[in-house]
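Descriptive analysis of the structure
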Amino acid sequence: MPIIVLPDEVAIKIAAGEVVERPASVVKELVENAIDAGAKTIKMEMRQGGRQTMRVADDGAGIPAAEVELAFARHSTSKLSRAADLDHIATLGFRGEALASIAAVARVTILTRTQGEDKGTLMRLEGGKVVRRESQGAPQGTIVTVENLFYNVPARLKFLRQAVTEAGHIADLVTHYALAYPHLRFQLIKDGRLSFQSTGSGELLDVLIQVYGLEIAQQMLQVASDQQPGVQVEGYVSPPALHRSGRGYLTFFVNRRRVQDRLLGKAVLEAYHTLLPKDRYPLVILNVGVDCDQVDVNVHPTKSEIRFLKPNDVFSAVQRTVRRALTEGTPIPMVSVPRARPETTRFRDFERGPKSPGGQLALELQRTADLPAPQALPTKLPMLRVLGQIWQTYITAEGPDGLYLIDQHAAHERVLYERLKAERARREVSNQQLLTPLTLDLPPRQAAILSSRLEELAELGFEIEPFGGETFLVRAVPAMLVEGDIAQTVADIVDELAEGGQVEALEEKALITLVCHSAVRAGKVLALEEMRDLIRQLEETDQPRTCPHGRPTMIHLSADNLARQFGRR
Ligand code: ADP
Ligand code: MG
């Protein structure tokens, strides 16, 4: 076939394929337009997961009658005019192709009016062609209705998922915009029923409650970087005790644009290092603010990929800010105790209450009053007085604000971990020569790994030398391990090293394995003096509340809870 220039209607369908992948992509573009137009309230409606209808109504600036047609032309935008503008984009849209793309693959109706006009404009397009246009009364703002998405692109229609799935994507998208723009009111109606709304109060915590529920929202820790030029980081992160099995709860915005970015994910996980159990992920909602000339948003048609001009600055600002929120705010898990006054009593109170209709509201207010911004407890432990040991596993101690149960193994792990880290940093890991060297016989694969890793082990305090074949001589071990099972520890460390990966990550794993084998076991009887020693050492660590695997070292039963339990309150 000879080369031809594709007809416009083919070209636009190809381009539309990149912008409009599914119903949620339509809602995304329309919501972004509404935000760019300065809307305060954005109402969305969908039927059958958007496959039948999607409607986005805003109270923004509207489009002047003379420009409505132009808005649907390809590469038409009011948001930039010169190539140089691409270097500092402050709006969500700028490519001027969303409306054109949507109109090319659906039936679209727009009703819009600007402040200065008496009448609005109604226009309907099918497959990109205007089929109707007239003046009509309309509120200020813009209402775009999109019907029968992909009715003229059978290949795409085939790939649409069930209505519930598509509806899920739309709801997910809307809640994320609500999180990014707490000062705007969002409302989502699904098949005629209200499915989500935010108040527009400007408080991110309010939206968090709407999205994740009260119980999770009240545990989240607020993050805010110091006000300084460069990179600003703000949002909420979960305390180490609250985690999920996938990365699905890591949400990032850059200048309030939702983005997928590996760098930001890495920076956050780095901040949680040693605080979370293996393969668990935190809940994170962060907005990273950078000057618009420090980020390139024109990487992909969906604009969800970005490039930072100075990625290292962004990485360290995010990592530092989140880490600080975690160290300042990690609370000790509380033993949760049912409220002393059962629900029914409270209900009766409210029915009898003098201002009955307001009673429910008062109750709600009381509940939210229990929920000020998550309390930032100091990382440092209060002074604890050891009472005794139970099940040879937990140390009981009294503090100024209640009773503490401390896991002796986890606590000791934390102590040893920080000690070893400090020794390594000073390059003076203390080790001890064995009176008689220990002979180790390893399976061939392990033996091969060990021979190649003797240096890493030396850095932990092991002196091991090959003794021919698969045999090794252990001459010295880290001081903390002297009483532990040396052969088992070496074998476990070799297994860790065998998994491969980044050097630092491997060293870290080896270190944690060593610490785990060296720490006092559960089931060991401890003398009062030993327990006091351990608690004193724990008090001196930087992160006394979790072990290096991320499990809590202690739980706390507050004096207040006890009083409730015994009916003193
Ligand atoms: P872009 O957002 O990249 O500029 P679009 O195709 O999404 O491109 O929109 C084209 C133009 O139409 C916008 O630049 C804007 O001027 C106008 N427009 C679209 N939606 C709205 C809206 N909801 N309110 C006001 N103007 C709008
Ligand atoms: Mg747009």
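Before going into details, it helps to say that this report is about the structure given with it. Given the structure is predicted, the values throughout are model-derived calculations rather than measurements. (Residues numbered from 1 in each chain as written. Chains lettered and ligands numbered in written order. Predicted model: local features only at pLDDT ≥ 70, side-chain atom pairs only at ≥ 80, totals over all residues. Heavy atoms only, no water.)

So, on to the overall build of the protein chain. In terms of helices and strands, the protein chain carries 19 helices and 22 strands. Its C-alpha atoms put the protein chain at 95 × 80 × 45 Å along the principal axes. Counting across all 569 residues of the protein chain, residues that qualify as buried make up 46%. Pairs at least 24 apart in sequence give 69% of the contacts found in the protein chain among residues at least 6 apart. Across the protein chain, the 68 positively charged side chains and the 72 negatively charged ones have centroids separated by 7 Å. (Helix = DSSP H or I, 4+ residues; strand = E, 2+ residues; numbered from the N terminus. Buried < 20%, exposed > 50% of the residue type's maximum accessible area, 1.4 Å probe, protein only. Contact = heavy atoms within 4.5 Å. Lys, Arg positive; Asp, Glu negative; His and termini not counted. Charge placed at Lys NZ, Arg CZ, Asp CG, Glu CD.)

Let us look at the sheet that holds strand β17 (residues 394-399). Pairing within the open sheet is antiparallel, and its 4 strands lie in the order β16-β17-β18-β22. Both edges of this open sheet fall to β16 (385-390) and β22 (554-558), since each of them pairs with a single strand only. Neighbour to neighbour, the strand axes of the sheet diverge by 25 degrees on average, direction disregarded. Where β17 lies against strand β18 (residues 402-407), 6 bridges are found, and the strand directions are antiparallel. Paired with Tyr394 across the bridge in β18 is Asp407. Across the face of the sheet, helix α13 (residues 408-425) comes into contact with β16, β17 and β18 while running at roughly 75 degrees to β18. Each of β16, β17, β18 and β22 touches helix α18 (residues 528-539); the most contacted strand, β16, lies at about 120 degrees to it. (Pairing = 2+ DSSP bridges. Axes fitted to C-alpha atoms, helices over the stretch in contact; angles between N-to-C directions.)

Quick look at the pairing of strand β8 (residues 193-197) now. Summarising the sheet, strand β7 (residues 185-190) and β8 pair through 4 bridges and their orientation is antiparallel. Counted as the bridge partner of Ile189 is Leu194 from β8. Hairpin geometry of β7 and β8 is characterised by an intervening segment of 2 residues between the two adjacent antiparallel strands and by a positive phi of about 45 degrees at Asp191.

Counting residues in hydrophobic clusters, the biggest one holds 66 residues, and the most contacted among them are Ile35, Ile42, Met44, Phe72, Val146, Phe186 and Leu208. At 8 residues, helix α6 (residues 163-180) tops the list of elements feeding residues into this core. Look past the residues within four positions of Phe72 in its chain and what remains in contact with it is Leu99, Ala100, Ala103, Val108, Ile110, Met123 and Leu125. Ranked by size, the runner-up nonpolar core spans 32 residues in total, among them Leu276, Ile306, Phe308 and Ala325. (Core = buried A, V, L, I, M, F, W, Y, C linked by side-chain atoms within 4.5 Å.)

Look at helix α16 (residues 486-498) against helix α17 (residues 503-518): their axes get within 9 Å of each other, and the N-to-C directions meet at 155 degrees. Of the possible angle classes, the one that applies to α16 and α17 is roughly antiparallel. Crossing handedness for the pair α16 and α17: right-handed. Each of Gln488, Thr489, Asp492, Ile493, Glu496 and Leu497 in α16 lies in contact with α17, whose residues at this interface are Leu506, Lys509, Ala510, Thr513, Leu514 and His517. Its residues assigned to classes, the contact of α16 with α17 shows 5 nonpolar, 4 polar and 3 charged. (Parallel < 35°, antiparallel > 145°, perpendicular 65-115°, else oblique. Left-handed = near helix turned anticlockwise from the far one by under 90°. Nonpolar A, V, L, I, M, F, W, Y, C, P; charged D, E, K, R; others polar.)

As a further point, take the site of ligand 1. In the vicinity of ligand 1 there are 18 residues, among which Asn33, Thr77, Ser78, Lys79 and Gly96 approach most closely. Between an oxygen atom of ligand 1 and a side-chain N or O atom of Lys79, the distance comes to 2.7 Å. Separating a nitrogen atom of ligand 1 from a side-chain N or O atom of Thr142 is a distance of 3.3 Å. For ligand 1, whose free accessible area comes to 530 Å², the fraction covered by protein is 92%. The class makeup of the residues in the shell around ligand 1 is 6 nonpolar, 8 polar and 4 charged. (Near = heavy atom within 4 Å. Polar contact = N/O pair within 3.5 Å; in protein donor to acceptor, adjacent residues only side chain to side chain. Areas by Shrake-Rupley, 256 points an atom, 1.4 Å probe, with all protein chains shown as cover.)

This paragraph deals with empty space enclosed by the protein. Tallying each qualifying case throughout the model produces 2 cavities of 30 Å³ or more. What lines the second largest cavity is simply Arg424, Glu456, Leu457, Leu460, Leu497, Glu507 and Ala510. Elements supplying a minimum of two residues to the lining of the second largest cavity: α15 (454-460) and α17. In terms of residue count, α15 provides more of the lining of the second largest cavity than any other element does, 3 residues in total. Each residue belonging to the lining of the second largest cavity can be placed in one class, and the counts come to 4 nonpolar, no polar and 3 charged. (1 Å grid on protein atoms, 1.4 Å probe; cavity = no way out; pocket = protein on both sides within 12 Å on 5 of 7 lines; lining within 4 Å. Points joined across faces, edges and corners; volume = space filled by probe spheres on them.)

Before going further, it helps to spend a moment on the pairing of β16. In the sheet, β16 pairs with β17 via 5 bridges, with the strands oriented antiparallel. Within β17, the residue paired with Val386 across the bridge is Ala397. Hairpin geometry of β16 and β17 is characterised by an intervening segment of 3 residues between the two adjacent antiparallel strands and by a positive phi of about 50 degrees at Trp391.

Close contact between α6 and helix α7 (residues 204-212) brings their axes to 9 Å; oriented N to C, the two are set at 160 degrees. In terms of orientation, α6 and α7 fall into the roughly antiparallel class. Between α6 and α7 lies a crossing whose hand is left-handed. Across the interface between the two elements, Thr175, Ala178 and Leu179 from α6 touch Leu204, Val207, Leu208 and Val211 from α7. For the contact of α6 with α7, a count of residues per class yields 6 nonpolar, 1 polar and no charged.

Here we come to the environment of Asp59. Within the element layout of this structure, Asp59 appears in the loop between β2 (53-58) and α3 (68-71). In this structure, the C-alpha to C-alpha distance between Asp59 and Ile35, residues 24 residues apart in sequence, is 9.7 Å. Among the polar contacts listed, one links the side chain of Asp59 to the backbone nitrogen of Lys40, at a separation of 2.7 Å. In terms of polar contacts, Asp59 uses its side chain to reach the backbone amide nitrogen of Thr41, at 3.0 Å.

Summed over the entire model, instances satisfying the criterion amount to 0 disulfides. Not engaged in a disulfide, the cysteine Cys547 finds its nearest cysteine sulfur in Cys516; these two sulfurs lie 8.2 Å apart. (Disulfide = S-S within 2.5 Å.)

Residue placement: Gln543 occurs in the loop between α18 and β22. Look at Gln543 and you get buried, because its relative accessible area is 6%. Apart from the residues lying within four places of it in its own chain, the contact partners of Gln543 are Leu275, Arg323, Thr327, Arg414 and Glu418.

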